[in-house]
Structure formats: C-alpha cells, structure tokens
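Below are the chains, spelled out letter by letter.
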Amino acid sequence: MTSPALTLVLGGTGKTGRRVVRRLTDRGHKVRIGSRNGGIPFDWNDATTWQPALAGVDAVYVSYQPDLAVPGAPEAIGAFAELAVRAEARRLVLLSGRGEPEAEACEKALAAQDAEWTVLRAAFFAQNFSEGDFLGPILDGALALPVGDVKEPFVDADDIAEVAATVLAEGGHTGRTYDLTGPRLLTFAQATTAIGAATGREIGYVTVPVEGYAAELAAHGVPADVIGLLTYLFTEVLDGRNAHLGDGVRQVLGRPARDFTEHVAEAAATGVWTPGTPS
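Residues numbered from 1 in each chain as written. Predicted model: local features only at pLDDT ≥ 70, side-chain atom pairs only at ≥ 80, totals over all residues. Heavy atoms only, no water.

Draft legend 1. Fine view of the overall build of the chain. Counting its secondary structure elements, the chain contains eleven helices and ten strands. Principal-axis analysis of the C-alpha atoms gives the chain an extent of 55 × 40 × 35 Å. A burial count over the chain gives 53% of its 279 residues as buried. When contacts within the chain are restricted to residue pairs at least 6 apart in sequence, those whose partners lie at least 24 apart make up 78%. Within the chain, one finds 23 positive and 35 negative side-chain charges whose respective centroids are separated by 6 Å. (Helix = DSSP H or I, 4+ residues; strand = E, 2+ residues; numbered from the N terminus. Buried < 20%, exposed > 50% of the residue type's maximum accessible area, 1.4 Å probe, protein only. Contact = heavy atoms within 4.5 Å. Lys, Arg positive; Asp, Glu negative; His and termini not counted. Charge placed at Lys NZ, Arg CZ, Asp CG, Glu CD.)

Draft legend 2. The arrangement of the packing of helix H3 (residues 73–86) against helix H4 (residues 101–111) in detail. In the contact formed by H3 and H4, the axes pass within 8 Å of each other and the chain directions differ by 20°. It follows from the interaxial angle that H3 and H4 lie roughly parallel. For the pair H3 and H4, the crossing hand works out as right-handed. Only Glu-102, Ala-105, Cys-106, Ala-109 and Leu-110 of H4 make contact with H3, whose side of the interface consists of Ala-73, Pro-74, Ile-77, Gly-78 and Ala-81. Each residue belonging to the contact of H3 with H4 can be placed in one class, and the counts come to eight nonpolar, one polar and one charged. (Axes fitted to C-alpha atoms, helices over the stretch in contact; angles between N-to-C directions. Parallel < 35°, antiparallel > 145°, perpendicular 65-115°, else oblique. Left-handed = near helix turned anticlockwise from the far one by under 90°. Nonpolar A, V, L, I, M, F, W, Y, C, P; charged D, E, K, R; others polar.)

Draft legend 3. Local environment of the packing of aromatic side chains. Within this structure, the stated rule accounts for 21 aromatic pairs. In textbook terms, an aromatic cluster arises when at least three aromatic residues are bridged by ring pairs, as seen for Phe-124, Phe-129, Phe-134, Phe-154, Phe-188, Tyr-205, Tyr-213, Phe-234 and Phe-260. (Phe/Tyr/Trp six-rings, centres within 6.5 Å; stacked < 30°, edge-to-face > 60°.)

Draft legend 4. The arrangement of the side chain of Asp-43 in detail. Locating Asp-43 in the fold gives a position in the loop between strand E2 (30–34) and helix H2 (50–54). Summary of buried charges: Asp-43 has no salt-bridge partner, and the nearest side chain of opposite charge, Arg-36, is 4.4 Å away. Asp-43 has contacts with Arg-36, Thr-49 and Trp-50, leaving out every residue within four places of it along the chain. (Salt bridge = Lys/Arg side-chain N within 4 Å of Asp/Glu carboxyl O.)

Draft legend 5. Local environment of the pairing of strand E5 (residues 116–122). With respect to burial, E5 is a largely interior element, five of its seven residues being buried. Note that strand E4 (residues 91–97) and E5 share seven bridges and pair parallel. Residue pairing in the sheet places Leu-94 in a bridge with Val-119 of E5. Handedness of the β-α-β unit built from E4, H4 and E5 comes out right-handed. The pairing of E5 with strand E8 (residues 176–180) spans five bridges and is parallel. Considered in E8, the bridge of Val-119 is made with Thr-177. (Pairing = 2+ DSSP bridges. Right-handed = clockwise from strand over helix to strand, strands pointing away.)

Draft legend 6. Fine view of the environment of Gly-56. Tracing the backbone through its elements, the reader meets Gly-56 in the loop between H2 and strand E3 (59–62). Taking relative accessible area as the criterion, Gly-56 reaches 59% and is therefore assigned exposed. Here the alpha-carbon distance between Gly-56 and Val-237, two residues 181 residues apart in the chain, equals 37 Å.

Given below as structure tokens:
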C-alpha cells in the first residue's frame, strides 16, 4: 500500500489531528475526521462507534483521549488496533508520549497486531502555551505550574502533523519509532520569557507545590481524574527524564525541527497572547 485511499484521523479536531487533516487534504488524500461530532461519530469510550468509523479506511492516525497514561488505555488501543486490522486498515500511526511507561504499554499493544505500525513519541507541545490551558494564565500575566527548572524540548505540533501525514501518505516506516522534539531544551520559565519578549509583555512564571496546584484546579471545578492526570504528567513525566533531544523530525522530513521561538513569533503575530484580542 503506497497511497492510502481513505485515512481516519482520530482526534481530527484537536491540536495535532486538525493539522494532520489539513496536510493530508493538501496532498489530495481523502480524510475522515474521527470525533464524537464527526459525520461518522467516533468515541473512545463507546466501542460500538469504532467499526463504522473504520469502514473503507486504509490508514489511521491514532490519537487517544484524554491521554495514554489513563487506566485502560493499552487495552483500548489493542482492541482498536485489532479491529482496524480486521477492517483492513493496515497502516496505523500512533501518537505517543516520551518517558511514559503507560504510553509504552500502548505502543506494545499496537505493535502486537499484524499491521504496518509506526509510533511517534512526541515531547510537550509548544502549542500548549497558545491553544491549551496555559493560554488563560499567560493572558493574565503569570503561569504557575508544579514544574521547576526541568528542561523540555518543546515540539511544534505542526512538525508532528507533517511527520504523521508523511508517514501515513508515503509508507516505508513500518516498525519504526520516531522521537519528535524541538531542537533545544528550555525550562518553562524560559518558555514564558520567550513569549513575553515576543509580545512586549511582562509574563511571569511561578513554581508552585503540587498540592496547591491540585487544590487550585479543584477550586475551578476540574474533575478529580483530570487533576490526577495533570499532576502525574507534571511531577513524574516532567521530572527530567525527557531532558534530551530526539531526531525524529529530521529522520522523516529531512530538515531540522522548528524552534520554540518560531512558533512563538507566529503565534504572537496573531495576537493570541494580547489581552482583549478576539479569539
């Protein structure tokens, strides 16, 4: 299979998924968006939606919600991959995380199937500062997280999407695991400083105790399971184990990964970090 006729993009409206959809469409590929509100609905929590979404599909971008670290994720990934193979969707590309034992269990569940599988292990997204939960605090002038001077090679979601689209469209990556990172290590404080420099604003960064962070989330109505996931990611996955660079972007695309400041410059130009700018 050298040119998938129809690709299912799970999480097709999310940070990476919508970018994968755009790139595949630009290549002339037919795409089915896998989401609860899609034309053919897909819901990880409702296995009855999986088979209809896979009908006629040749390749799948597998993005699991809310995170591969949640209980039951490996079983869900394995069951979906098995069903996909039976439905003749042979090429499976999994968006995974770095340094997460739970994510590695999901990778093994995928690889256990007789499929053309590829794993993309991605670092912390640069877009989490401009499109995710960090945006509100940055607009307010300070980001507070239970993360100290740990460095992270923030990766641009556009790089992830371009790698995913290339692997999905071209093949030749069966059995490969690509480590997707940016080209350098930054602390969260350095990242917010870069945003401040690009916007001309004073944006602070504060390291807070994990207990205080969890209490603040609870006070804002964040569900307990989500709080548990976030505190796990910030206190364990971001404990320094991922403070090293990967070369997956160059391996697949033949070019360096985009630097964090490139994303910052583009995002700042849209006004996303300027208080009062319409979203």
